[in-house]
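A structural walkthrough
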Protein chains: 2
Amino acid sequence: MQVIACRVRIQVGLEESGYCGLVLEKLTTSGASIGDTIEIRQGDAVYSGILMPRSQIGSDPAHVVIKIGSGYNLGVRLNATCTIRRIGKSKRTQPSSESADSADESLPSVAILSTGGTIASKVDYQTGAVNPALSARDLYDAVPELRHHANIRAKVLLSKLSENISSDDWTRIARRIAAEIKTGVEGVVVAHGTDTLGLTAAALSFALQNLPVPVVLVGSQRSSDRPSSDAAMNLIGATDLAARADAAEVMVVMHGETGDSYLYAHRATRVRKLHTSRRDAFKSVNTKPLFMVQGVSITELSPPLHRRLKERKLVLRPRFEEKVALLKTYPGMDGRLIDHLVDDGYKGLVLEGTGLGHTPEGIISSLKRASEAGMLLAMTSQCIFGRVDMNVYRTGVELLDIGVIPCEDMLSETALVKMMWVLGNTRSLEAARDNLQSPLVGEFEMRSEYSDYPSIGGE
Amino acid sequence: MQVIACRVRIQVGLEESGYCGLVLEKLTTSGASIGDTIEIRQGDAVYSGILMPRSQIGSDPAHVVIKIGSGYNLGVRLNATCTIRRIGKSKRTQPSSESADSADESLPSVAILSTGGTIASKVDYQTGAVNPALSARDLYDAVPELRHHANIRAKVLLSKLSENISSDDWTRIARRIAAEIKTGVEGVVVAHGTDTLGLTAAALSFALQNLPVPVVLVGSQRSSDRPSSDAAMNLIGATDLAARADAAEVMVVMHGETGDSYLYAHRATRVRKLHTSRRDAFKSVNTKPLFMVQGVSITELSPPLHRRLKERKLVLRPRFEEKVALLKTYPGMDGRLIDHLVDDGYKGLVLEGTGLGHTPEGIISSLKRASEAGMLLAMTSQCIFGRVDMNVYRTGVELLDIGVIPCEDMLSETALVKMMWVLGNTRSLEAARDNLQSPLVGEFEMRSEYSDYPSIGGE
């Protein structure tokens, strides 16, 4: 990942690499270019690695960034007495075809589909912001270690920031994955932006049923051309899982904690981005992760939906109904918001209610009208953890009477995706209601472990 | 809490107490009535406590429920060989006036205002659901230990399920608290349903500025007439904090973990209900709790906004603008939802975007139109933990250009309440924008501790 940034930047020269002042001076003296391997000596400390460009946002001019042996970037703060020496020339990769330059027949085959996002992004030097840009082939070139893990077939499917991924994109990704699986790969990796990665993963869980091999979605929280990007480690882990995990379901792989010690693979329908910036932003909610990945070791933490079985026949059902909304309730919420959805022809609404599944009384008559108009209504909780239980309080009982379906311990995002899928794949409202209330791909359980609840750091 | 349930039920007799079968038989033989102190001997075990009625929902007919010395309810599963003996008669309390029967002049004075919710609820035997019912005086009678902690002046202000609390109620509660503080109490406790407890607490933080004494909101996750209710412990802890904590801000007090070992007091603007049913559902987000309460010991965990100072002059600003909405973004979200708000005269909109503060591109033109129409727009993250940063990606930069205000590490619920308050208390949009971006009562920080992030149990 970082290497590819070098490959791009090496053509623009050191002075355009983002370095300035003392650092630029020291680098120029050493004769090193971006992409070269350098050695930095400072007091007793010696650091060596591939010289990386600096991102132009938030650069501290006193740091030099190198990619070290582990595949991660390190920022070294230079002082005036340090010395920098070039100890190796940049190796340019030679992009040729989609597949690996020299396939190793003993390795499993994995398809990597790129859809965009930080894992495949670089800084846009015009707006100063990060844009999706790198191709799947670039990813592969950027993480040469991948060659030792699998024979990769890389494809660029989309180049979108994940907040812009729509249900049409889910359909397109699902079809492409089905096509890849038909060719006999051992697994499929999908690189995706993290903002809506959980939702796309959930959508693929419903669209790709009866999977014979794993489908692994992966993202990164730090742009690939920045220090301490998690892109390389996440991508290698995702590829390993796709190639070797004895599971056949859609998973999400990301850092398990904020360091680089291990990754978690989560069930796609039960994972949520719970932090805006930490590498371990993704957490399984109301359940445990499926696998822990530490280096080359894959440890199963809870049983997958299906075991890997290449003979199993994939059932592709990639349609989604677009006219489904998600509304989080709040004090004083106005029923006209719901009336508007009914009038606009919406077919379904997922409510993110309070507590055990309640709404303000002010919207109840509008919900009744929506239900009578044939709109499918479902309830999740904005608490995120725990399950709805609409039999405890008067409000819940009233909502059940109207026909609001309790979504048990399902995430509201998964409930939205499932409702879109259910309405896209059933003709009658009755069948849609039935499907919504039946666990199809492990998206909810009738009993969740009480212990799967966060404790907050520093308590 | 539990005792009061007895007081109500004792009038209906044992056979209507919810007990049946073996348990009813054993109780009848013993001659005990609801509210009496009984002793149960079963094998080597001896349990004693006040006989409680069973709730009619989810009753296991083989259990008897007693209130033990700690103030908590215990369910004992009876077998045929057990013996039950009545060892004390029920003490009926004699409700008379609002204030304590015999005030102890050496104790601090605390006002307890009841607004409804589980902490003041009982089972509705008609619908089978839990309704708000008990008065503040009932609360006091129910937890006789309170007499030793403070001189209580108890008032019923509202009797509402918290999902139905509106901004008019916030105004009313704020005014009542201000009036109580004027009488010279050491602190005020507000009993409130948990669903929207955090929002009411945040609203009071903005409405009651420059507080001289603490205002403590408290709820309970288990109905007061059920085994293992957290109502008594939470109420005692809240009263202690109101009476003695060296802090003058609005706080939320609830269980700190799922057992009965300690409580946390959270800053009102930074706490969220994160679990539908656990007693430790409330967590401080992006910050640490303010106090830990263990028995009679109060430990400060992070500095309060102000220290207690009875001479400080409270500034009451209890107005809230109702025409403010909260929308959580999702894939394929339709801009017409926002157009509808503009056309309906909404003055403000808090977006709960993805990741660092992004929305799908499909709603951006509607947001632009809303901004041009003079609607105040603000961005929070549906990740919940972490802070928005709209300078990193193209979408964020675009939204900033439109005029969307980044809410840093503020909870979306707090941002909604703050926007309602800001628009209710400023005349110009410019002043509203300024107020929204300035931390007024600790509702956000420009830098949050990286460590205040959940680790999930079982990892």
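Given the structure is predicted, the values throughout are model-derived calculations rather than measurements. Each chain carries its own residue numbering, running from 1 in the written order of its sequence. As they are written, the chains are lettered A onward and the ligands numbered 1 onward, keeping that order. The predicted nature of this model means local features are confined to residues of pLDDT at least 70 and side-chain atom pairs, given and counted, to a pLDDT of 80 or more, with totals for whole chains, interfaces and linings taken over all residues.

Side note on the overall build of chain A
Filter applied, for reference: Secondary structure elements are taken from DSSP: a helix is a run of H or I of four residues or more, a strand is a run of E of two residues or more, and numbering for both begins at the N terminus. Using C-beta atoms placed from the backbone, we call a residue buried if 20 or more other C-beta atoms fall within 10 Å of its own, exposed if 12 or fewer do, and partly exposed for counts in between. A residue pair is marked as a contact if its C-beta atoms, positioned from the backbone, fall within 7 Å.
Summing up its helical and strand segments, chain A has 11 helices and 24 strands in all. Across the 459 residues in chain A, those meeting the buried criterion constitute 58%. Counting contacts in chain A only where the partners sit at least 6 residues apart, residues at least 24 apart contribute 73% of the total.

A look at the nonpolar core
Across soluble globular proteins, nonpolar side chains have a tendency to be buried as a group. To be explicit about the condition: Note on terminology: a nonpolar core is any set of buried Ala, Val, Leu, Ile, Met, Phe, Trp, Tyr and Cys residues joined through C-beta atoms within 7 Å.
Counting 237 residues, the largest nonpolar core has Leu204 and Ala378 of chain A together with Leu204 and Ala378 of chain B as the members making the most contacts within it. Look past the residues within four positions of Ala378 of chain A in its chain and what remains in contact with it is Val350, Leu351, Val404, Ile405, Cys407, Ala415, Met419 and Leu436 of chain A.

A short note on the sheet that holds strand β13 (residues 250–255) of chain B
Residue and element names in this part refer to chain B. Short version of the rule: Strand pairing follows a simple DSSP-based rule, namely that at least 2 bridges must link the two strands. Angular values range over 0 to 180 degrees, each being the angle between N-to-C directions of two axes fitted as lines to C-alpha atoms, with helices fitted over their stretch in contact.
With respect to topology, eight strands assemble into an open sheet ordered β9-β6-β10-β12-β13-β14-β17-β18, the strand pairing being mixed. The open sheet has two free edges, formed respectively by β9 (151–156) and β18 (297–300), since each of these has just one partner strand. Neighbouring strand axes in the sheet, compared pairwise and without regard to direction, differ in orientation by 25° on average. As judged from the three bridges shared by strand β14 (residues 263–267) and strand β17 (residues 291–294), these two strands associate in the antiparallel manner. Directly across from Ala265, in β17, lies its bridge partner Phe291. Where helix α5 (residues 197–207) meets the sheet, it contacts β12 (215–218) and β13, and its direction lies at approximately 155° from that of β13. Sheet strands touched by helix α6 (residues 231–244): β6 (109–114), β10 (187–191), β12, β13, β14, β17 and β18. Its angle to β13, the strand with the most contacts, is close to 150°.

Re the packing of helix α7 (residues 336–343) of chain B against helix α8 (residues 364–372) of chain B
Geometrically, a packed helix pair is captured by the angle between its two axes and the distance between the axes. Residues and elements named next belong to chain B. Counted only if it meets this: Each angle is binned into one of four classes, with values under 35 degrees roughly parallel, values over 145 roughly antiparallel, values of 65 to 115 roughly perpendicular, and all other values oblique. The hand of a helix crossing depends on one turn: near helix anticlockwise from the far one by less than a right angle means left-handed, and clockwise means right-handed. Side-chain classes are defined by residue name, with Ala, Val, Leu, Ile, Met, Phe, Trp, Tyr, Cys and Pro counting as nonpolar, Asp, Glu, Lys and Arg as charged, and the others, Gly among them, as polar.
Relative orientation of the contacting elements α7 and α8 amounts to 15°, with a least axis distance of 8 Å. By the angle class used here, α7 and α8 are roughly parallel. The handedness of the crossing between α7 and α8 comes out as left-handed. Of the residues in α8, those in contact with Ile338, Asp339 and Val342 of α7 are Ser366, Leu367, Arg369 and Ala370. Considered class by class, the residues forming the contact of α7 with α8 number four nonpolar, one polar and two charged.

Thoughts on helix α4 (residues 167–182) of chain B
Residues and elements named next belong to chain B. Our working rule: Given the number of residues in a helix, its expected span is that number minus one, multiplied by 1.5 Å. The arc in question is the one spanned by the directions pointing from the helix axis to the C-beta atoms.
With 16 residues, α4 extends 23 Å between its outermost C-alpha atoms, agreeing within 8% with the 22 Å of an ideal straight helix rising 1.5 Å per residue. Of the residues making up α4, those classed as buried are Ser167, Asp169, Trp170, Ile173, Ala174, Ile177, Glu180 and Ile181. The buried residues of α4 occupy an angular sector of 140° when the element is viewed end-on, so they sit on one face. For α4, the exposed residues set more than 90 degrees away from the buried face come down to Ala179 and Lys182. Trailing α4 by a residue or two, Gly184 shows a phi angle of about 100°, which is positive.

Here's the deal with the sheet that holds strand β21 (residues 348–353) of chain A
Residue and element names in this part refer to chain A. The parallel open sheet is built from four strands, whose spatial order is β20-β21-β22-β23. Edge positions in the sheet fall to β20 (324–328) and β23 (405–406), since each of these pairs with one other strand and no more. Pairing between strand β22 (residues 376–381) and β23: two bridges, direction parallel. The residue bridging Ala378 from the neighbouring strand is Ile405, located in β23. Across the sheet, helix α10 (residues 412–425) touches β20, β21 and β22, and the angle it forms with β21 is around 165°.

Looking at unusual backbone geometry
With the exception of glycine, the majority of residues adopt a negative phi angle, and the majority of peptide bonds are in the trans configuration. All names here are of chain A. If you check the backbone angles, Asn286 has positive phi at about 65° while not being a glycine. If you trace the backbone, Asn286 turns up in the loop between β16 (282–284) and β17 (291–294). Overall, the presence of 24 C-beta atoms within 10 Å leaves Asn286 in the buried class. Phi angles above zero are rare outside glycine, and Glu408 is one such case at about 55°. Looking at where Glu408 falls in the secondary structure, it is placed in the loop between β23 and α10.

Remarks on the confidence of the model for chain A
Residue and element names in this part refer to chain A. Put simply, the rule reads: A residue's pLDDT is the predictor's confidence in that residue, given on a scale from 0 to 100.
With 81% of its residues at a pLDDT of 70 or more, chain A shows a mean pLDDT of 85. Confidence drops under pLDDT 50 across residues 55–59; counting only partners more than four residues distant or on other chains, this segment forms 13 contacts. Both scores are given for the predicted complex: the pTM is 0.81, the ipTM 0.80.

What to know about the environment of Gly31 of chain A
Structurally, Gly31 of chain A is set in the loop between α2 (21–30) and β1 (37–42). Look at Gly31 of chain A and you get exposed, because 12 C-beta atoms sit within 10 Å.

A few points about the packing of α10 of chain A against helix α11 (residues 429–437) of chain A
Residue and element names in this part refer to chain A. Packing of α10 against α11 brings their axes to within 9 Å, and their N-to-C directions diverge by 145°. Considering only the axes of α10 and α11, their crossing is right-handed. Across the interface between the two elements, Lys418, Met419, Val422 and Leu423 of α10 pack against Ala432, Asn435 and Leu436 of α11. The class makeup of the residues in the contact of α10 with α11 is five nonpolar, one polar and one charged.

Structural notes on the pairing of strand β20 (residues 324–328) of chain B
Two faces belong to every sheet, and in a regular strand the side chains alternate between them. All names here are of chain B. The buried fraction of β20 amounts to five of the five residues, a majority that puts the element mostly inside the structure. The side-chain alternation of β20 yields two buried faces, one formed by Val324, Leu326 and Lys328 and the other by Ala325 and Leu327. Pairing between β20 and strand β21 (residues 348–353): five bridges, direction parallel. Paired with Lys328 across the two strands is Glu352, which belongs to β21.

Section: the environment of Ile34 of chain A
All names here are of chain A. Turning to its location among the elements, Ile34 is positioned in the loop between α2 and β1. The class of Ile34 is buried, set by 26 C-beta atoms lying within 10 Å. The spacing of Ile34 and Leu51 is 17 residues in sequence and 5.2 Å in space, taken between C-alpha atoms.

A look at α6 of chain B
Between its first and last C-alpha, α6 of chain B extends 20 Å over 14 residues, near the 20 Å set by a 1.5 Å rise per residue. Most of α6 of chain B sits out of view: 13 of its 14 residues are buried.

Points about the environment of Thr380 of chain A
Residue and element names in this part refer to chain A. Structurally, the position occupied by Thr380 is in strand β22. Owing to 28 C-beta atoms within 10 Å, Thr380 belongs among the buried residues under this scheme. Residues Thr380 and Val417, 37 residues apart in the sequence, show an inter-C-alpha distance of 13 Å. Ignoring sequence-local partners within four residues, the contact set of Thr380 consists of Val350, Glu352, Val388, Cys407, Met410, Leu411, Ser412 and Ala415.

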